[in-house]
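Coordinate analysis (summary)
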Amino acid sequence: EPEVTQTPSHQVTQMGQEVILRCVPISNHLYFYWYRQILGQKVEFLVSFYNNEISEKSEIFDDQFSVERPDGSNFTLKIRSTKLEDSAMYFCASSVGEAGELFFGEGSRLTVL
Amino acid sequence: GQNIDQPTEMTATEGAIVQINCTYQTSGFNGLFWYQQHAGEAPTFLSYNVLDGLEEKGRFSSFLSRSKGYSYLLLKELQMKDSASYLCAARSYNTDKLIFGTGTRLQVFP
């Protein structure tokens, strides 16, 4: 069964460092998302991406964040200068259409020290 | 804006039936989703309702009332492996994102 894959599964970084989280969405999906979940809290929307551009972003997704689809398969989230409060599980998701269900990857746990 | 409310925690006994409620307030409602999330894992899709009524899928069913802004997830013949968080999420028109509630943590006891 096709699945969304994410790397790394866990990353520990120092405050102020840049982090890139990688995702390979399901191959025939057209809509891509990043969500995050701080430990014990709800899943929060960060950004959606369609047709090689951001379609929507939340207030959380400030100038420190960026997304890119560098080739036909990868979808990346970059945090330029990490803060302690960026520590969370980051989930990539994809859907075949804008009305379809989201399929989530296993997540990348980011720990900022 | 959007607001989604669901109970924080519920407990039930193996073999029983449990109903997890969700109320939502969203402009331009365009679908209600239920996801299951085991601790430390990704959310996995359970069900989707966009029209009023009941959608049944094996042991799990989901109900939607658009006029009341209300949905529930019904789990029958509970198993220990059903212990997880159940996330209610809504989508609005003119957007493809899902907005999630805080989730209901269900504990199933023998």
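The coordinates are above.
Right, let's walk through the structure included here. Since this is a predicted model, take the numbers as computed values, not measurements.

Quick look at the pattern of salt bridges now. Applying the stated criterion across every chain yields a total of 5 salt bridges over all chains. In this structure, R36 of chain A and E44 of chain A form a salt bridge, with 3.2 Å as the shortest nitrogen-oxygen distance. Overall, R36 of chain A belongs to the buried group, its relative accessible area being 10%. A salt bridge links D82 of chain B to R59 of chain B; the nearest nitrogen and oxygen atoms lie 2.8 Å apart. Remark: R59 of chain B occurs in the loop between β6 (53–57) and β7 (60–65) and D82 of chain B occurs in the loop between β8 (70–75) and β9 (84–92); sequence separation between them is 23 residues. Given the relative accessible area of 2%, D82 of chain B is considered buried.

For the rest of this paragraph, the subject is the nonpolar core. Core analysis: the biggest nonpolar cluster contains 40 residues, and Y35 and F104 of chain A together with W34, L75, Y86, F100 and L106 of chain B have the highest contact counts within it. Looking at this core element by element, the count peaks at 6 residues for β9 of chain B. Setting aside chain neighbours within four positions, we find Y86 of chain B in contact with Q6, I20, W34, Y35, Q36, L46, F60, L73, L75, G103, T104 and L106 of chain B. One finds V4, C23, F65 and C92 of chain A within the second-largest nonpolar core, a separate group that totals 21 residues.

Enumeration according to the criterion identifies 20 aromatic pairs over all chains in this entry. For the ring pair Y35 of chain A and F100 of chain B, a centre distance of 5.6 Å and an interplane angle of 90° mean the geometry is edge-to-face. Of this pair, Y35 of chain A sits in strand β4 (residues 31–37) while F100 of chain B sits in strand β10 (residues 99–100), each in a different chain. Just as Y35 of chain A is buried, F100 of chain B falls in that class too. Site record: aromatic cluster; members linked through ring pairs are Y33, Y35, F45, F91 and F104 of chain A together with F33, Y35, F45, Y48 and F100 of chain B.

The next subject is the interface of chain A and chain B. The interface of chain A with chain B comprises 20 residues on the first partner and 19 residues on the second. Overall, the association of chain A and chain B removes approximately 1,600 Å² of surface from exposure, summing both partners, and the carbon and sulfur fraction of that is 54%. The interface formed by chain A and chain B includes 1 salt bridge. Across the pair E56 of chain A and K97 of chain B runs a salt bridge whose closest N-O atoms are separated by 2.9 Å. Broken down by element, the side of chain A that touches chain B gets its largest block of residues, 4 residues, from β4 of chain A. Looking at side-chain class alone, the side of chain A that touches chain B contains 10 nonpolar, 5 polar and 5 charged residues.

With that settled, the discussion passes to the side chain of T95 of chain B. Residues and elements named next belong to chain B. Looking at where T95 falls in the secondary structure, it is placed in the loop between β9 and β10. Exposure remark for T95: the relative accessible area of 13% places this residue in the buried category. A distance of 3.3 Å separates a polar atom in the side chain of T95 from the backbone nitrogen of K97.

Time to look at the state of the cysteines. Formally, a disulfide is one covalent bond, and it connects the sulfur atom of one cysteine to the sulfur atom of another. Within the structure shown, the criterion is met by 2 disulfides over all chains. Across the disulfide, C23 of chain A is cross-linked to C92 of chain A (sulfur-sulfur distance 1.9 Å). Because the sign of the S-S torsion sets the handedness, a value of about -65° for the bond joining C23 of chain A and C92 of chain A places this disulfide among the left-handed ones. Here C23 of chain A is found in strand β3 (residues 19–24), whereas its partner C92 of chain A is found in strand β9 (residues 88–95), with 69 residues between them in sequence. C92 of chain A matches C23 of chain A in its accessibility class, with the two residues each being buried. The disulfide bridge from C22 of chain B ends at C88 of chain B, spanning 1.9 Å between sulfur atoms.

Rules used in this analysis
- Residues numbered from 1 in each chain as written.
- Chains lettered and ligands numbered in written order.
- Predicted model: local features only at pLDDT ≥ 70, side-chain atom pairs only at ≥ 80, totals over all residues.
- Heavy atoms only, no water.
- Salt bridge = Lys/Arg side-chain N within 4 Å of Asp/Glu carboxyl O.
- Buried < 20%, exposed > 50% of the residue type's maximum accessible area, 1.4 Å probe, protein only.
- Helix = DSSP H or I, 4+ residues; strand = E, 2+ residues; numbered from the N terminus.
- Core = buried A, V, L, I, M, F, W, Y, C linked by side-chain atoms within 4.5 Å.
- Contact = heavy atoms within 4.5 Å.
- Phe/Tyr/Trp six-rings, centres within 6.5 Å; stacked < 30°, edge-to-face > 60°.
- Buried area = accessible area lost by both parts, 1.4 Å probe.
- Nonpolar A, V, L, I, M, F, W, Y, C, P; charged D, E, K, R; others polar.
- Polar contact = N/O pair within 3.5 Å; in protein donor to acceptor, adjacent residues only side chain to side chain.
- Disulfide = S-S within 2.5 Å.

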